Amino acid sequence: MARALELAAHARDAEGEVPVGAVLVLDGQVIGEGWNRNIGLNDPTAHAEIQALRAAGQAVSNYRFPGSTLYVTLEPCAMCAMAMVHARIGRVVFGATDPKTGAAGSVFDTLVSPLHNHRVTVEGGLCADVAGDLLRQFFRARR
């Protein structure tokens, strides 16, 4: 999660993006990293989680990552949650909850829905204070 927080700070400081970072780990190795790039890429799908999944796909020449863990500083949205289901992520560990669009238990339970053929183990709250502070300070400065 420490690396995901560094990537979130990079998103904010270097690119003026909402500070969210993500790191995908498989067998103890980082296989993908990402940070929010929606604004700079003019791409509504360029969330940190999607960027990390894309990087991992290139790194391991596959689109599925069974047994992997995705660390992300903010609870995933529905789009990112479904990408995780399709990618067969084993576990997601997130920092701050998202009471508006969170899909890992706050608003939706997309990752553990019995309607899907794959479920992702969810753990929330890791470094939640730090991750939440990054987001609060970012939005406070923009208002």
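Looking at an unreviewed UniProt entry, one finds the protein named tRNA-specific adenosine deaminase, with Luteibacter anthropi as its source organism. As recorded by UniProt, the Sequence similarities (unreviewed entry) comment attached to the protein reads in full: "Belongs to the cytidine and deoxycytidylate deaminase family. ADAT2 subfamily." Taken verbatim from the UniProt record of the protein, the Subunit (unreviewed entry) comment is "Homodimer."

Caption draft 1: Here's a closer look at the pairing of strand 1 (residues 21-26). Of all 6 residues in strand 1, 5 are buried; the element is thus mostly enclosed. As defined by bridge partners, strand 1 adjoins strand 2 (residues 29-35) across 6 bridges and the pair is classed as antiparallel. Following the sheet pairing, Ala22 is matched in strand 2 by Gly34. Here strand 1 folds back onto strand 2, and the loop between the two strands holds 2 residues, one of which, Asp27, carries a positive phi near 50°. Of the pairings in the sheet, the one linking strand 1 to strand 3 (residues 69-74) comprises 4 bridges and is antiparallel in character. Among the inter-strand pairings, Val23 is bridged to a residue of strand 3, identified as Tyr71.

Analysis parameters
- Each chain has its residues counted from 1, following the order in which its sequence is written.
- Confidence filtering applies because this is a predicted model: local features only for residues at pLDDT of at least 70, side-chain atom pairs given and counted only at 80 or more, and all residues used for totals across whole chains, interfaces and linings.
- As a rule here, side-chain values cover all heavy atoms of the structure and leave hydrogens and water aside.
- UniProt positions are given in the numbering used here, feature names are shortened, and annotations may be inferred rather than shown by experiment.
- Exposure classes here rest on a 1.4 Å probe applied to the protein chains alone. A residue is buried below 20% of its type maximum, exposed above 50%, and partly exposed in between.
- A run of H or I in DSSP counts as a helix once it spans at least four residues, and a run of E counts as a strand once it spans at least two, with each numbered from the N terminus.
- Should DSSP find at least two bridges between two strands, the strands are taken to pair.

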